[in-house]
Amino acid sequence: MPQRHPETTATDRLVIVGNGMAGHRLVEALLARPERPAITVIGAETAPAYNRILLSPLLAGEMERSALTLRSAEWYAEQGIELVLGERVESIDRTARRLTTDAGRELGYDRLVLATGSTPARPPVPGLELPGVHVFRDLHDADALARAAQAGRNAVVIGGGLLGLEAAEGLRKRGMQVSLLQREDRLMNRQLDLTAARLLESELRGRGLDIHTEAQLERLEADTEGQVCAALLADGTRLAADCVVVAIGIVPNAELGRVAELEVNRGIVVDEWLTTSDPTIHALGECCEHRGNLYGLVEPIWRQVEVLAERLCGQQAQGYQELPTATKLKVSGISLYAFGPTEAEPEHEVLSYRDPQQGDYRRLLLRDGRLEGAVLYGDTASGPWYFEQTLAGRDLTACRAALLLGAADAQALLDDSLNESPQRPAKEAA
Ligand SMILES: Cc1cc2nc3c(=O)[nH]c(=O)nc-3n(C[C@H](O)[C@H](O)[C@H](O)COP(=O)(O)OP(=O)(O)OC[C@H]3O[C@@H](n4cnc5c(N)ncnc54)[C@H](O)[C@@H]3O)c2cc1C
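Sequence positions are assigned chain by chain, starting from 1 and proceeding in written order. The model is predicted, so local features are restricted to residues of pLDDT at least 70 and side-chain atom pairs to those at 80 or more, both for listing and for counting; the totals for chains, interfaces and linings are taken over all residues. To get the side-chain values, take all heavy atoms of the structure and skip hydrogens and water.

Chemist: In this structure, what is going on with the overall build of the protein chain? I would like to understand it.
Modeler: For the protein chain, the helix and strand inventory stands at 11 helices and 25 strands. Classification of the 430 residues of the protein chain by burial places 50% in the buried group. Whether two residues are in contact is decided by their heavy atoms, any of which lying within 4.5 Å being enough. Here the contacts in the protein chain between residues at least 6 apart in sequence split such that 60% fall between residues at least 24 apart. Of the roughly 20000 Å² of accessible surface on the protein chain, 46% is carried by carbon and sulfur atoms. When charges are counted, neither His nor the chain ends are considered; positive counts come from Lys and Arg and negative counts from Asp and Glu. Taken as the charge centre is NZ of Lys, CZ of Arg, CG of Asp or CD of Glu, depending on the residue. The centroid of the 45 positive side-chain charges in the protein chain is displaced by 1 Å from the centroid of its 63 negative side-chain charges. Here a helix means four or more residues in a row that DSSP labels H or I, a strand means two or more in a row labelled E, and each is numbered from the N terminus. Classification of residues uses two cut-offs on accessible area relative to the type maximum, computed with a 1.4 Å probe and protein chains only: under 20% is buried, over 50% is exposed, and between them is partly exposed. To measure how exposed things are, a 1.4 Å probe is used in the Shrake-Rupley method; for residues, cover is taken only from the protein chains shown.

Set out below in structure tokens:
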């Protein structure tokens, strides 16, 4: 029972499945509200919620393990929240409103939130089951990779997206010789145009990463002891591999929804109030699917949390809406900020700027004077301002001449135009 919240009047029992980033953020959001239900959190991992995003700097040896913890188990107890760790919810009896964990624990609920996240996707390639092949999703994976990363040995990372690049840099910083395989023609193909991707590639090559774009992985090979030892590409290239990391994407953990016969597509289907096909069950984060969208970054998940917290506390919530998401890469020494489409369409006006000496590149995509996308490499200080203009749908025609110069110059021109506009008719009259 809540000890520190005598004002709590809600009687509903809320069970949150998943003590990851979404589940934990929901707890914090509920605690910030005056009335909240009694809460039980069940997490399959043995550690209490931690900042998964920081696994990359942890792997790179740039951060201590303790810095990742969001809240301790004691904190949960102090808040009057029941926290069950190291148990996986296996089934939900929707009629009886009860769930069962793999330890045989049974729990009743009035409201249930599924925040089960996702699992790394695996390509259908022979050899993927070999010892020495890793994924990079949780603390155990980071520990296993840190143990496998012996200086001077060879690693192959499969996937040239955000996660693959961060894993590759982490292993390289631990002294490994790292080859990175990217199926597409460029790194971070979902976020970057070709120019920015080439700049990134050249910086990473300069640091010693061996990058293969348009690479078709055919199979992984084992040594005489059955341990992975090489990656074979379709063009005949053979790359030595004492350790392989698979980072090609994620698959929502929707199994629990399937077992409970909720509506499930690729993720557990929710409406704009994060409610599943059962009105007493909600889903949020990487396990859910909203209007065909899946999630892999925290920004939209934080907005989902706020909507759901309001609903669960009986407050009037505005439904969850999709918005563009900005991406940053967490590789030290490389600044990169991107949002919106990577390729220009015929109706786009493209503004770009490049300073090879400073290593700066900016490309903006405008449609009818409004910013739809930006790729910034090098000096990314204006990234959040550009993003804000896009979210606001602001007409930037008045500051077009200064747009590439950055936020301060462009904003000054915008302000000038706003100050001038009411006086225009008077000037014209004079
Ligand atoms: C290395 C790495 C770096 C990242 N960097 C960034 C970044 O820079 N920016 C960004 O925005 N995002 C980043 N992400 C993605 C971000 O971490 C996720 O979007 C976020 O963690 C999703 O939160 P979630 O709660 O949906 O899933 P998770 O955080 O994965 O939490 C789900 C939890 O549910 C548990 N669970 C699953 N099934 C059950 C069950 N049946 N019973 C009980 N518990 C269960 C899981 O064990 C897990 O602990 C990164 C991810 C990784 C792995």
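Now that the structure has been shown, we can carry on.
Chemist: I'm lost on the state of the cysteines in this one. Help?
Modeler: Linking two cysteines covalently through their sulfur atoms gives a disulfide. Disulfides are defined as cysteine sulfur pairs within 2.5 Å. Per the stated rule, a full pass over the model turns up zero disulfides. Cys313 forms no disulfide, and the closest cysteine sulfur to it belongs to Cys288, at a distance of 19 Å.

Chemist: Any chance you could explain the packing of aromatic side chains here in plain terms?
Modeler: Here a ring pair, both rings aromatic, is described through the centre-centre distance and the interplanar angle of the planes. To pair, rings of Phe, Tyr and Trp, with the six-membered ring standing in for Trp, must have centres within 6.5 Å; the planes then decide the type, stacked if under 30 degrees apart, edge-to-face if over 60, and tilted in the middle. Taken as a whole and judged by the stated rule, the model has five aromatic pairs. For the ring pair Trp75 and Tyr76, a centre distance of 5.1 Å and an interplane angle of 90 degrees mean the geometry is edge-to-face. Through successive ring pairs, a cluster of aromatic residues spans Tyr337, Phe339 and Phe387. By the criterion adopted, a ring carries a charge over it if an Arg CZ or a Lys NZ lies within 6 Å of its centre and within 35 degrees of its normal. In this arrangement the basic side chain of Arg25 is found over the ring face of Trp302, its NZ or CZ atom lying 4.0 Å from the centre. Lying over the aromatic face of Tyr50, Arg65 brings its terminal NZ or CZ to 5.9 Å of the ring centre.

Chemist: Hey, could you run me through the pattern of salt bridges in this one?
Modeler: When their charged atoms lie close together, side chains carrying opposite charge are able to pair. Only one rule defines a salt bridge in this text: a Lys or Arg side-chain nitrogen within 4 Å of an Asp or Glu carboxyl oxygen. Under the defined criterion, the tally for this structure stands at 30 salt bridges. One salt bridge connects Arg105 with Glu87, and the closest N-O pair in it is separated by 2.8 Å. Of this pair, Arg105 sits in the loop between strand E5 (98-101) and strand E6 (106-108) while Glu87 sits in the loop between strand E3 (82-85) and strand E4 (89-93), and the two are 18 residues apart along the sequence. For Arg105, a relative accessible area of 33% corresponds to the partly exposed category. The buried category is assigned to Glu87, whose relative accessible area is 11%. Its salt-bridge partner being Asp379, residue Arg362 comes within 3.6 Å of it at the nearest N-O pair. Placement of the pair is Arg362 in strand E24 (residues 360-367) and Asp379 in the loop between strand E25 (370-377) and helix H9 (383-392), with a sequence separation of 17 residues.

Chemist: Which parts of the structure should I look at to understand the sheet that holds E6?
Modeler: The pairing of strands in a sheet happens through backbone hydrogen bonds and is either parallel or antiparallel. Overall, antiparallel pairing links the three strands, which are arranged E4-E5-E6 in an open sheet. Only two strands of the sheet have a single neighbouring strand rather than two, namely E4 and E6. Across this sheet, the average inter-strand angle for adjacent strands is 20 degrees, counted without regard to direction. Whether two strands pair depends on DSSP finding at least two bridges between them. Here four bridges tie E4 to E5, and the two strands are oriented antiparallel to one another. Residue pairing in the sheet places Asp93 in a bridge with Arg98 of E5. Every axis in this analysis is a line fitted to C-alpha atoms, fitted for helices over the stretch in contact. Angles between the N-to-C directions lie between 0 and 180 degrees.

Chemist: Where do I start with the sheet that holds strand E11 (residues 177-181) in this structure?
Modeler: Judged by pairing direction, the sheet is parallel, and its five strands sit side by side in the order E9-E16-E10-E11-E12 without closing on themselves. Looking at the sheet topology across the chains shown, the edges are occupied by strand E9 (133-134) and strand E12 (210-212). Of the strand pairs in this sheet, strand E10 (residues 154-158) and E11 are connected by five bridges, and their pairing is parallel. Bridge pairing links Val156 to Ser179 in E11.

Chemist: Sorry, what's going on with the pairing of strand E23 (residues 349-355) here?
Modeler: Looking down a regular strand, the side chains alternate between one sheet face and the other. Here E23 pairs with E24 via seven bridges, running antiparallel. What sits directly across from Asp355, in E24, is Asp360. Between the antiparallel neighbours E23 and E24 lie four residues, among them Gly359 with a positive phi of about 75 degrees.

Chemist: When you look at unusual backbone geometry in this model, what are you seeing that I'm missing?
Modeler: Its identity is not glycine, yet Glu214 carries a phi of approximately 50 degrees, on the positive side. Mapped onto the elements, Glu214 comes out in the loop between E12 and strand E13 (217-222). Residue Glu214 is classed as exposed on the basis of its relative accessible area of 59%. Positive phi outside glycine occurs at Leu274, with the angle close to 60 degrees. Within the secondary structure layout, Leu274 lies in the loop between strand E18 (268-270) and strand E19 (281-283). Judged by its relative accessible area of 0%, Leu274 is buried.

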